[in-house]
Amino acid sequence: MKTTFKEEDNYFVMYFEGRLDTAASAQTEEDMKPLYDCSGHDIILDCTNLEYISSSGLRLFLALLKTAKPKGSHIYIRGINEDLRQVFAMTGFINLFEFK
Amino acid sequence: MQYQRHITLPNDVQATTELGMFVDEVCENVGFDMSTALKLNLAIEEAVVNVMSYAYPAGTKGDVDIDAEATNEQLKFVISDSGTPFDPTTKGEVDTTLSAEERGIGGLGIHLIRQIMDTINYERVDGKNVLTLSKNLTKNL
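Residues numbered from 1 in each chain as written. Chains lettered and ligands numbered in written order. Predicted model: local features only at pLDDT ≥ 70, side-chain atom pairs only at ≥ 80, totals over all residues. Heavy atoms only, no water.

(A) View of the overall build of chain A. The helix and strand tally for chain A stands at three helices and five strands. Ordered by position from N to C terminus, the α and β elements of chain A give β-β-α-β-α-β-α-β. Looking at chain A as a whole, 50% of its 100 residues are labelled buried. At a minimum sequence separation of 6, the contacts of chain A that also span at least 24 residues come to 66%. Considering chain A, the positive charge centre built from 11 side chains and the negative charge centre built from 15 side chains are found 4 Å apart. (Helix = DSSP H or I, 4+ residues; strand = E, 2+ residues; numbered from the N terminus. Buried < 20%, exposed > 50% of the residue type's maximum accessible area, 1.4 Å probe, protein only. Contact = heavy atoms within 4.5 Å. Lys, Arg positive; Asp, Glu negative; His and termini not counted. Charge placed at Lys NZ, Arg CZ, Asp CG, Glu CD.)

(B) Local environment of the UniProt feature "domain: Histidine kinase/HSP90-like ATPase" (unreviewed entry) in chain B. With numbering matched to this structure, UniProt assigns "domain: Histidine kinase/HSP90-like ATPase" (unreviewed entry) to residues 10-135 of chain B. Its end C-alpha atoms 25 Å apart, residues 10-135 of chain B is made of 36% helix and 25% strand. (UniProt positions renumbered as here; feature names shortened; annotations may be inferred.)

(C) Up close: the packing of helix α1 (residues 16-30) of chain B against helix α2 (residues 34-54) of chain B. All names here are of chain B. Two numbers describe how α1 lies on α2: the axes approach to 9 Å, and their chain directions differ by 140°. Overall, the two elements α1 and α2 adopt an arrangement that is oblique. Considering only the axes of α1 and α2, their crossing is right-handed. Here α1 contributes Thr16, Leu19, Gly20, Val23, Asp24 and Cys27 to the contact with α2, which in turn contributes Ala37, Leu40, Asn41, Ile44, Glu45, Val48, Val49 and Met52. Taken together, the residues of the contact of α1 with α2 break down into nine nonpolar, three polar and two charged. (Axes fitted to C-alpha atoms, helices over the stretch in contact; angles between N-to-C directions. Parallel < 35°, antiparallel > 145°, perpendicular 65-115°, else oblique. Left-handed = near helix turned anticlockwise from the far one by under 90°. Nonpolar A, V, L, I, M, F, W, Y, C, P; charged D, E, K, R; others polar.)

(D) Up close: the interface of chain B and chain A. Contact with chain B, which involves 29 residues of that partner, is made by 27 residues of chain A. Summing both partners gives a buried area of about 2,300 Å² for chain B against chain A, and 58% of it is carried by carbon and sulfur. The largest contributions to the chain B side of the interface with chain A come from Leu38, Ala100 and Ile105 of chain B, which together make up 25% of the buried area. There are two salt bridges connecting chain B and chain A. A salt bridge links Asp83 of chain A to Lys39 of chain B; the shortest N-O distance between them is 3.9 Å. For the interface between chain B and chain A, the tally reads 17 residue pairs in polar contact (both at pLDDT 80 or more). Counting residues per element, the side of chain B that touches chain A draws most heavily on α2 of chain B, at eight residues. (Buried area = accessible area lost by both parts, 1.4 Å probe. Salt bridge = Lys/Arg side-chain N within 4 Å of Asp/Glu carboxyl O. Polar contact = N/O pair within 3.5 Å; in protein donor to acceptor, adjacent residues only side chain to side chain.)

(E) Local environment of the nonpolar core. If you look at the biggest cluster of nonpolar residues, it comprises 72 residues, and the most contacted ones within it are Leu45 and Phe61 of chain A together with Ile66 of chain B. The element best represented in this core is α2 of chain B, accounting for ten residues. If sequence neighbours within four positions are ignored, Phe61 of chain A has contacts with Phe16, Leu20, Met32, Leu45, Cys47, Ile53, Ile77, Phe88 and Phe97 of chain A. (Core = buried A, V, L, I, M, F, W, Y, C linked by side-chain atoms within 4.5 Å.)

(F) The arrangement of the UniProt feature "domain: STAS" (unreviewed entry) in chain A in detail. In this numbering, the UniProt entry assigns the feature "domain: STAS" (unreviewed entry) to residues 1-100 of chain A. Its end C-alpha atoms 22 Å apart, residues 1-100 of chain A is made of 33% helix and 34% strand.

(G) Representation of the pattern of salt bridges within the structure. Per the stated rule, a full pass over the model turns up ten salt bridges over all chains. Residue Glu17 of chain A pairs with Lys2 of chain A through a salt bridge whose shortest N-O separation is 3.9 Å. In this pair, Glu17 of chain A sits in strand β2 (residues 11-20) while Lys2 of chain A sits in strand β1 (residues 2-8), placing the two residues 15 residues apart along the sequence. Put simply, Lys135 of chain B and Asp118 of chain B hold a salt bridge, and the shortest N to O gap is 3.7 Å.

Here it is in structure tokens:
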């Protein structure tokens, strides 16, 4: 699992690559910390190269949303594949996030 | 068709990557497509992580055994441990219609297992927790 953080056109963008399983979730939680200082920025979670996400990964996305939303930041999920979109649907997360 | 595989993992969530490879191999052997394999991975990981995280007292070592058995009709994963008696099937359903503010962080694992598997059965046998998750082989997801 690899993550890359970038600022692009005032967006905070994090690129996710590989398997976000429970083994990877502690390190990924750490990697996502810069996104928490998002006042004045919308966030894009780029999942184009994300192959897998377990509930521990979904929890990281939800925790970020719970912090970012009260600050007025939008979170967009970008490039997610059909299988992972179905996982978002099963958990109702599809209604919580915005998709690009 | 008769097919059986077994793996024993320590109660360390770092072993979930190895578990993923095991489930992928089983799914490939029974002819599930990659989309179904991904969802089975998710269900089995949730069940096994639950054991790794809660079955044994913090700081003590313990094992979790995973047996995969396939017949012509069904693929069955039997997950067993010698830890504290715990029946995950009694856990309440999460409300997936709630907003982000209302949603709790927990409870997603058992919800996903219920969504993905066809049957879930828990037994306490000879001092072990035995959780059996089955999927009909005719059904790709």
